[in-house]
Amino acid sequence: LAKTTQPISMDSYEGQEVNITCSHNNIATNDYITWYQQFPSQGPRFIIQGYKTKVTNEVASLFIPADRKSSTLSLPRVSLSDTAVYYCLVGPPEGQTGANNLFFGTGTRLTVIP
Amino acid sequence: ETGVTQTPRHLVMGMTNKKSLKCEQHLGHNAMYWYKQSAKKPLELMFVYNFKEQTENNSVPSRFSPECPNSSHLFLHLHTLQPEDSALYLCASSRGLAARDEQFFGPGTRLTVL
């Protein structure tokens with residue numbers, strides 16, 4: 001299981017780009033990196049997933065350097081509604097059962113300030 | 001609409017009561033999960049089911065008893081709970097157990113034990 005480390009909290013003003021970095025120094029060769037977002041009193045929801053380089057969707061971008069020991073979730077021009085907890089998960093893509101790849105950790109609490 | 005529903009949304013119970021939480025997924029997934037989230041704490045994985053078979057019991061006290069009659073339904077039976085069991089209980093489902101399989105969460109049941 002690749003342990004992940006994220007900042008506990010971050011603050012940002014509306015309209016700014018926010019980058020949240022997750023460290024996963026012992027990531028395995030076939031592990032994928034997945035980010036979830038959780039609003040207060042709701043379940044987490046999937047944001048983005050990647051293996052290497054850069055992935056972009058309508059919500060965010062995910063940057064993964066060549067050594068894959070970290071990843072950065074980038075949220076462009078955040079709004080107040082982006083205030084949430086963001087979780088980074090690392091685990092194998094297929095074939096492994098059990099809870100080893102389902103550890104959400106403490107996440108990063110992002111607060112967007114008007 | 002996440003495709004995962006949970007009932008009830010709120011529950012208040014005494015320590016001697018017996019109650020059940022229900023989760024239903026309409027996504028055709030094979031795996032279902034129960035998570036517990038206490039105030040200001042990370043998500044805690046409780047139970048995992050895959051194709052109706054329990055694959056994970058994350059050292060959960062016996063006062064919590066899961067039941068998975070089919071791949072679409074998951075129950076959490078509660079009896080003789082303690083006040084510290086008060087939390088948000090989240091159900092999730094996914095296609096499989098791989099880290100690459102996106103987990104879809106329900107809205108949760110806010111449980112208060114008096």
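Given the structure is predicted, the values throughout are model-derived calculations rather than measurements.

(A) How the structure looks around the overall build of chain A. A tally of helices and strands in chain A yields zero helices and nine strands. The burial tally for chain A puts 48% of its 114 residues in the buried class. Considering only intrachain contacts with a sequence separation of at least 6, the fraction spanning at least 24 residues in chain A is 58%. Of the accessible surface of chain A, which amounts to about 5,700 Å², a share of 52% is contributed by carbon and sulfur atoms.

(B) Up close: the pattern of salt bridges. All names here are of chain B. Under the definition given, this model contains two salt bridges over all chains. The partner of D85 in a salt bridge is R63, with the nearest N and O atoms 2.7 Å apart. Here the residue D85 occupies a position in the loop between strand 8 (73–79) and strand 9 (87–94), and R63 occupies one in the loop between strand 6 (53–57) and strand 7 (64–70), the gap between them amounting to 22 residues.

(C) Highlighting the state of the cysteines. Per the stated rule, a full pass over the model turns up two disulfides over all chains. A disulfide bridge connects C22 of chain A with C88 of chain A, and the sulfur atoms are separated by 2.2 Å. In this structure the cystine formed by C22 of chain A and C88 of chain A twists about its S-S bond by roughly -80 degrees; its chirality is therefore left-handed. Here the residue C22 of chain A occupies a position in strand 2 (residues 18–23), and C88 of chain A occupies one in strand 8 (residues 84–91), the gap between them amounting to 66 residues. Residues C22 of chain A and C88 of chain A agree in their burial class; the two are buried. The disulfide partner of C23 of chain B is C91 of chain B, and the gap between their sulfur atoms is 1.9 Å. Judged by the sign of its S-S torsion, about -70 degrees, the cystine formed by C23 of chain B and C91 of chain B is left-handed.

(D) Looking closely at the pairing of strand 7 (residues 70–75) of chain A. All names here are of chain A. The buried fraction of strand 7 is high, at five of six residues. Two elements, strand 2 and strand 7, share six bridges in a ladder whose sense is antiparallel. Following the sheet pairing, S23 is matched in strand 7 by S70. Both strand 6 (residues 61–64) and strand 7 contribute to a ladder of three bridges, which runs antiparallel. Note that in strand 7 the partner of S61 across the bridge is S74. In textbook terms, the turn of a hairpin is the stretch between consecutive antiparallel strands, and for strand 6 and strand 7 this stretch comprises five residues, one of which, R68, has a positive phi near 55 degrees.

(E) Local environment of the interface of chain A and chain B. Contacts between chain A and chain B engage 24 residues on the former and 22 residues on the latter. Both faces combined, the contact of chain A with chain B buries some 1,900 Å², and carbon together with sulfur accounts for 54% of it. For the pair chain A and chain B, the interface holds zero salt bridges. Joining chain A to chain B, the criterion identifies four residue pairs in polar contact (both at pLDDT 80 or more).

(F) A look at the pairing of strand 3 (residues 32–38) of chain A. Residue and element names in this part refer to chain A. For strand 3, the tally of buried residues reaches seven of seven residues, placing the bulk of the element in the interior. The two faces of strand 3 match: Y32, T34, Y36 and Q38 on one face and I33, W35 and Q37 on the other face are all buried. Sheet topology places strand 3 next to strand 8; seven bridges connect them, and they run antiparallel. What sits directly across from W35, in strand 8, is C88. Here strand 3 folds back onto strand 4 (residues 45–50), and the loop between the two strands holds six residues, one of which, S41, carries a positive phi near 60 degrees.

What counts and how
Residues numbered from 1 in each chain as written. Chains lettered and ligands numbered in written order. Predicted model: local features only at pLDDT ≥ 70, side-chain atom pairs only at ≥ 80, totals over all residues. Heavy atoms only, no water. Helix = DSSP H or I, 4+ residues; strand = E, 2+ residues; numbered from the N terminus. Buried < 20%, exposed > 50% of the residue type's maximum accessible area, 1.4 Å probe, protein only. Contact = heavy atoms within 4.5 Å. Areas by Shrake-Rupley, 256 points an atom, 1.4 Å probe, with all protein chains shown as cover. Salt bridge = Lys/Arg side-chain N within 4 Å of Asp/Glu carboxyl O. Disulfide = S-S within 2.5 Å. Pairing = 2+ DSSP bridges. Buried area = accessible area lost by both parts, 1.4 Å probe. Polar contact = N/O pair within 3.5 Å; in protein donor to acceptor, adjacent residues only side chain to side chain.

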